[in-house]
Amino acid sequence: MATGRTHRPATRSRGIPEATVARLPLYLRALTALSERSVPTVSSEELAAAAGVNSAKLRKDFSYLGSYGTRGVGYDVEYLVYQISRELGLTQDWPVVIVGIGNLGAALANYGGFASRGFRVAALIDADPAMAGKPVAGIAVQHTDELEQIIADNGVSIGVIATPAGAAQQVCDRLVAAGVTSILNFAPTVLTVPDGVDVRKVDLSIELQILAFHEQRKAGEDAAHDGGRTAPAVRAATVAADRKGPDGDVPAVMPA
Ligand SMILES: NC(=O)c1ccc[n+]([C@@H]2O[C@H](COP(=O)([O-])OP(=O)(O)OC[C@H]3O[C@@H](n4cnc5c(N)ncnc54)[C@H](O)[C@@H]3O)[C@@H](O)[C@H]2O)c1
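Residues numbered from 1 in each chain as written. Predicted model: local features only at pLDDT ≥ 70, side-chain atom pairs only at ≥ 80, totals over all residues.

An unreviewed UniProt entry lists the protein under the name Redox-sensing transcriptional repressor Rex, with Streptomyces kasugaensis as the source organism. The Function (unreviewed entry) field of the UniProt record for the protein holds the comment "Modulates transcription in response to changes in cellular NADH/NAD(+) redox state." For the protein, the Subcellular location (unreviewed entry) comment in UniProt is given as "Cytoplasm". (UniProt positions renumbered as here; feature names shortened; annotations may be inferred.)

*Asks:* Hey, could you run me through the overall build of the protein in this one?
*Replies:* Helix and strand counts for the protein come out as ten helices and eleven strands. Out of the 256 residues in the protein, the part that is buried amounts to 25%. Considering only contacts in the protein between residues 6 or more positions apart, those separated by 24 or more positions represent 59%. (Helix = DSSP H or I, 4+ residues; strand = E, 2+ residues; numbered from the N terminus. Buried ≥ 20, exposed ≤ 12 C-beta atoms within 10 Å, placed from the backbone. Contact = placed C-beta atoms within 7 Å.)

*Asks:* What exactly am I supposed to notice about the UniProt feature "DNA-binding region" (unreviewed entry) in the protein here?
*Replies:* In this structure's numbering, the residues bearing the UniProt feature "DNA-binding region" (unreviewed entry) are residues 26-65. Counting secondary structure, residues 26-65 comes out at 72% helix and 5% strand; the distance between its end C-alpha atoms is 15 Å.

*Asks:* Would you explain the UniProt feature "domain: CoA-binding" (unreviewed entry) in the protein in this entry?
*Replies:* UniProt annotation of "domain: CoA-binding" (unreviewed entry) refers to residues 89-190 when read in the numbering used here. Across residues 89-190 one finds 32% helix and 27% strand; the C-alpha atoms that close the span lie 26 Å apart.

*Asks:* Got a minute to help me understand the site of the ligand in this structure?
*Replies:* Around the ligand there are 24 residues in total, and Gly100, Gly102, Leu104, Ala167 and Leu204 lie nearest to it. Looking at the shell around the ligand, the elements that each hand over two or more residues are helix H5 (103-110) and helix H8 (165-177). Among the elements that line the shell around the ligand, the one with the most residues is H8, at four residues. For the shell around the ligand, the per-class residue count stands at 14 nonpolar, seven polar and three charged. (Near = placed C-beta within 6 Å. Nonpolar A, V, L, I, M, F, W, Y, C, P; charged D, E, K, R; others polar.)

*Asks:* Which parts of the structure should I look at to understand the nonpolar core?
*Replies:* Nonpolar side chains in soluble globular proteins tend to end up buried together. If you look at the biggest cluster of nonpolar residues, it comprises 32 residues, and the most contacted ones within it are Val97, Ile98, Val160 and Ile161. For this core, the secondary-structure elements that each account for two or more residues are strand E3 (94-99), H5, strand E4 (119-126), helix H7 (147-154), strand E8 (158-161), H8 and strand E9 (182-185). Ranked by residue count, the leading element in this core is H8, at five residues. Discounting residues that sit within four places of it in the chain, Val160 has contacts with Val96, Val97, Ile98, Val99, Leu108 and Leu184. (Core = buried A, V, L, I, M, F, W, Y, C linked by C-beta atoms within 7 Å.)

*Asks:* Sorry, what's going on with the environment of Gly179 here?
*Replies:* Following the sequence through the fold, Gly179 ends up in the loop between H8 and E9. The spatial distance from the C-alpha of Gly179 to the C-alpha of His214 is 41 Å, given a sequence separation of 35 residues.

*Asks:* Looking at this structure, I do not really get helix H2 (residues 44-51). What am I missing?
*Replies:* Every α-helical turn comprises 3.6 residues, leaving residues that sit three or four positions apart pointing alike. Looking only at H2, the buried set comprises Leu47, Ala48 and Ala51. With its buried residues spanning 100 degrees around the axis, H2 presents them on a single face. Looking one or two residues beyond H2, the residue adopting positive phi is Gly52, at roughly 75 degrees. (Arc of directions from axis to C-beta.)

*Asks:* Where do I start with the pairing of E3 in this structure?
*Replies:* Each regular strand shows side chains that alternate between the opposite faces of the sheet. Bridging between E3 and E4 involves six bridges; their strand directions are parallel. Note that in E4 the partner of Val96 across the bridge is Val121. (Pairing = 2+ DSSP bridges.)

See below:
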């Protein structure tokens, strides 16, 4: 996983390591899929495979939750969904604001996955006066003049920044001053925030660059070994193993 400045200690107050916290959403996604298929129980091996995590690591992670499963039966899917959701704070409503309603901001606003995971889009904010009042995903865009009032009125603690890079720090400063303590930053710039504010950065172009690196290496290996006759399964396994970070997953979201 990419390292960066983090504003949290490596271990949360309740004793759950950050690396475990980072894997909980992976388990939850896999468990939710099982739940939707009405699968009642799952073994650690099955769940680990579905989440793309090593099964010993999964058992260790779940021990932090006080969940040990039942020998020969496995883990209760519904109960684990509840436990992980509770641990991640997803059993409560988290109003979020999206700032910068251009191509990306509008796409994010239209993404149904936020609301279904407890992240209600409370407001869409843009600096362009021509955008004010225009509906995007059924919500009227509001002007940045109203940013502070919107945060206060909706009790927003999570802000999503989808502005051009040059505007991101200023938007971030305003969000933080207004009381936002968690920021998801899509703008390609490093944000400076005070202690106590968490920033997560999403950059798809970095993910593509990492894939390009592996593509280049695969091509180099083919040429060096046998002119491309390497067994594909062996090669895929090698690349997959190389790609996995120490946590056994390949995160698309990085610390700021
Ligand atoms: N992280 C990723 O993977 C990823 C992918 C695509 C785009 N991006 C980044 O997301 C950002 C948005 O991209 P886009 O294609 O939607 O751009 P865009 O130009 O379509 O939209 C930007 C919007 O931000 C608004 N804006 C500008 N300054 C503002 C301010 N100070 N406060 C509030 N709103 C402001 C503009 O009016 C505009 O509506 C860019 O920084 C881009 O590089 C990141």
